[in-house]
Structures are given as structure tokens and as C-alpha cells.
Amino acid sequence: MEKKYKDLQFYKFCAYGFLKNLRFFDPFLILFFLEKGLSYFQIGILYSIMKIATNILEIPTGIIADSIGRRRSMVYSFSSYIISFFIFYVSSDFYLFSFAMILYAFGEAFRTGTHKAMILEYLKIKGWTNMKVHYYGNTRSWSQLGSAISSLLAASIVFISGNYRVIFLASIIPYILDLILMLTYPKELDGELKEFNINNLKNSFKNVLHEFILSFKEIKLLKSILLTATYSGYYSAIKDFLQPILKNFALSLPIFLYLNDEKRSSIVIGIVYFILYLITSFFSRKSGKFSERFNNLYSPLIITMNLGFIFGILSGILYENNLFLFSIIFYIGIYLIENLRRPIGVAYISENINSNILASVLSVESQLKTILGAFLVPLIGLLADKFDIGISLIIISSSLMIINIFILKNNN
């Protein structure tokens, strides 16, 4: 991107993306909950609370943001995040964790889409709308860099402190910096302020419900949504359960035996997540070239979905046989499949759905993904408590694969 477009506000946008992805708890969240004595089922319930709360809150927060201004909306978002991090740091209680998850969801709902709208507003003001793709690409690269660096910093924090809860205290720092950064954004990025109207809020909820019901009535439409949402819901539900597998692998290695479990596992987890973020970024960029190998977009979507489920089954089988390294490799494959197929899925829906209802369909697809994830994650936890992670992974992956073979056949 040319230097003339890289003004002070551009670097503020980049700094925002970098700082908000310094979520040091991400690679250790399940391990933190396990350390606090929670069962896998309780952990699944917490994740489910967060997913459902985010989904519900996204509807009113968009309307509220239009009435109070985008900058103030982002300040509320980061304030909510910071309070939730502090509760996680000081608490050991399931119900307080549930409240913290709702606060976290509140932060997510206020933030999602708001910052993108601010970037678009800025480009519109400057007359740079033709640079939209390049601008997004450059700012997003800083977000990805933040994720990669975050995993290494998180591992260092756990290694030095010897416990997981400190990562929440450390996560407050970049979020305070992001909150301060929001206060420096120009007032023009608030957009056109609209008076808050309770009727608009009611109508938004009605429209979302109507769109969701309509999608289930149209079989072809439903199949198109399921083709993309099912795997994304599966991925969002199981992705963090990689953490206990990584910890078991780390503790099985005959190295650093003089360190406590948290310190030993932090080394492996930090390195794996750092590599994982770099690889997933690469796979996202290669999605277009991969889809070009096929005559239509349906084929790569159905192939990658089933391949992802097979990776889940194989990972579970290998884990059960204490082949942790190979189990981790196939588990990482689940991540890579999601990043490879996600852009293809959006393109597939846009090709097969009337453009007049495209935005509504993508909204329903996002909601269904969240609902599936919210349903699956406590189920995974329940099975993990009754058996273990490996068996849970085998059951969930194979069940979804069988169900989707019957539902999605002949959908080309």
C-alpha cells in the first residue's frame, strides 16, 4: 500500500488490531478452568453461555452504537472486557465465571462490526474507498501478528509465574491501552447519530427471528447454510480442547522434569499456538487457489468438511493410544480446514442465494454456527467427563459426519 495512505489514523487502526488480539488467556483458558476444579461439562456450559449471550446481545448493541456513537460503544466494549478479566483473575466460583462470561460477551457484541464501520467511515471521509481491500489487508495483518506474539507472551507469563490466572491480569494491560486509543479517534468516526427507539429494537429481534424461521422452511437454503455453518460450529466448539491434549503431551516428554506442570506445559503450548496462528493465516490466503481446482464450490466444501471430521476421529483414536504428537497434528488439521473452507463458504452462499437476501442469510448462518457451537461444547464436556477427551472427540466427529452425509447429499 502506498505511503500516502499510511497516515496517523492508519497506524491507530493497526495498533487497535494488534492490541485487541493480545488475549493471553486464549491458549490456556480450559486449563485455567480445570485448575480451578471445574469439570469439562461446567467448562462447556461457560463457553455456551458466552456464545449465546454474544449472539443475543449483537442485535441491540448495533442499535445502541448508532445512538451513542461508535467511539463510546468501543469504550464500553473494552471496559466490559477489563471487568471480566479482573473477575476471572480474582474468582474461583462457577457462577462468578458465568457472570464474567456474560460481560465478555457484552464486550464482543459491542466491538464486533463497530470498528470495521469506523474504518469504512474514515475511508469515505478521505475519499479512499477504492483502497478498502488493501486497507483491511494491512490492518488485519497486524491482528494476526498480535495473535502469534500473544501465544509466546502468554507462555512466558505462565512460565515465569507458574500459574494460569496471572494471564488475565496481564490481558488487562493491552485492553486498557486499546481503550485509551479509542479516546484518541476523531469524532467524525462516530457516524450519523440516531435517536434510540425501542420500536427499532423490537423490529430487529422480529426480523432476526423471521429470517431464521424462513431459512428452515426453504430446504435448499437450509442445506446451503448447513454446509458452511455445521463445520464452523463444530470447530468453534472443539478448538480449545486442544489445550489439555497439549498439556498431556508436554508432561509426557522426559524434559524439564524439575519444573512444575504449568511451566512445563506452557513451553509446548506457546510454541504450538504460535506456529498454529502462522499456518492458519497461510491457509486463509490459499483458500482461493484451492477452490479453483474444482468445477464448483460445493465439492471443496463437502470434501473439506468430511476431511475435518476424519481428522477429529483420527486425533481422538491416536490420543486414546497415547500417541499425543500425532493426535496434535490431526487436531491442528481441524484448525487448518476451517481457515481453508471459511472464505469458500461465504462465496458459495453468495453464488447460490439471491443477492437481495444475502446479508440476511449470512446473518442466519452466523447465528446457526453459534447455536451449534453452544449446543456441542457442553456435550463434548459431558462426554469428556464420562470417558475422556479422545472418546468425546471420536463420538462428536463421527456423529456429525454421519448426520451430514445424509442431510447434505445431492446438494450440488
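Worth saying up front: this structure is predicted, and the values here are computed from it rather than measured.

### Re helix α5 (residues 94-111)
Structural remark: α-helix, 3.6 residues per turn; residues separated by three or four positions point the same way.
Inference 1: Over its 18 residues, α5 runs 26 Å from end to end, which matches the ideal 26 Å to within 8%, given 1.5 Å per residue.
Inference 2: Counting buried residues along α5, 13 of its 18 residues qualify, which places the element largely inside the surrounding structure.
Inference 3: Capping of α5 at its N-terminal end is provided by aspartate 93; its side-chain oxygen lies 3.0 Å from the backbone amide nitrogen of tyrosine 95.
Inference 4: Following α5 by one or two positions, glycine 113 adopts a phi angle in the positive range, close to 85 degrees.

### What to know about the nonpolar core
Inference 1: Ranked by size, the top nonpolar core spans 105 residues in total, and within it Phe33, Phe168, Tyr234 and Tyr331 carry the most contacts.
Inference 2: Sort the elements by how many residues they give to this core and helix α15 (residues 324-352) lands first, with ten residues.
Inference 3: Dropping the residues within four chain positions of it, phenylalanine 168 is found in contact with Phe25, Leu29, Phe32, Phe85, Phe88 and Tyr89.
Inference 4: Counting residues in each nonpolar core, the second largest holds nine residues, with Leu221, Leu222, Leu226 and Ala229 among its members.

### Remarks on the pattern of salt bridges
It is possible for side chains bearing opposite charge to pair when their charged atoms get close.
Inference 1: All chains considered together, the criterion is met by seven salt bridges.
Inference 2: Close ionic contact of arginine 23 with aspartate 26 constitutes a salt bridge, the shortest N to O distance being 3.5 Å.
Inference 3: A relative accessible area of 23% places aspartate 26 in the partly exposed class.
Inference 4: When the shortest N-O distance is used, the salt bridge between arginine 342 and glutamate 365 registers 2.8 Å. Of this pair, arginine 342 sits in helix α15 while glutamate 365 sits in helix α16 (residues 358-386); the two residues are 23 residues apart in sequence, bridging distant segments of the chain.
Inference 5: Looking at arginine 342, the relative accessible area reads 25%, which means it is partly exposed.

### Focus on the side chain of threonine 304
Inference 1: Here threonine 304 is to be found in helix α14 (residues 298-320).
Inference 2: From its side chain, threonine 304 meets the backbone oxygen of leucine 301 in a polar contact 3.1 Å long.
Inference 3: For threonine 304, the residues in contact, after removing those within four places along its chain, are Phe290, Ile337, Leu340 and Arg341.

### Structural notes on the packing of helix α12 (residues 261-285) against α15
Inference 1: The interhelical angle for the contact between α12 and α15, taken along N-to-C directions, is 25 degrees, at an axis separation of 8 Å. By the angle between their directions, the pair α12 and α15 is classed as roughly parallel. Relative to α15, α12 is oriented so that their crossing is right-handed. Residue-level inspection shows Val272, Tyr273, Leu276, Ile279, Thr280, Phe283 and Ser284 of α12 in contact with α15, the latter providing Ile332, Tyr335, Leu336, Asn339, Leu340 and Pro343.
Inference 2: Of the residues belonging to the contact of α12 with α15, the class tally is ten nonpolar, three polar and no charged.

Definitions and cut-offs
Residues numbered from 1 in each chain as written. Predicted model: local features only at pLDDT ≥ 70, side-chain atom pairs only at ≥ 80, totals over all residues. Heavy atoms only, no water. Helix = DSSP H or I, 4+ residues; strand = E, 2+ residues; numbered from the N terminus. Expected span 1.5 Å × (residues − 1). Buried < 20%, exposed > 50% of the residue type's maximum accessible area, 1.4 Å probe, protein only. Polar contact = N/O pair within 3.5 Å; in protein donor to acceptor, adjacent residues only side chain to side chain. Core = buried A, V, L, I, M, F, W, Y, C linked by side-chain atoms within 4.5 Å. Contact = heavy atoms within 4.5 Å. Salt bridge = Lys/Arg side-chain N within 4 Å of Asp/Glu carboxyl O. Axes fitted to C-alpha atoms, helices over the stretch in contact; angles between N-to-C directions. Parallel < 35°, antiparallel > 145°, perpendicular 65-115°, else oblique. Left-handed = near helix turned anticlockwise from the far one by under 90°. Nonpolar A, V, L, I, M, F, W, Y, C, P; charged D, E, K, R; others polar.

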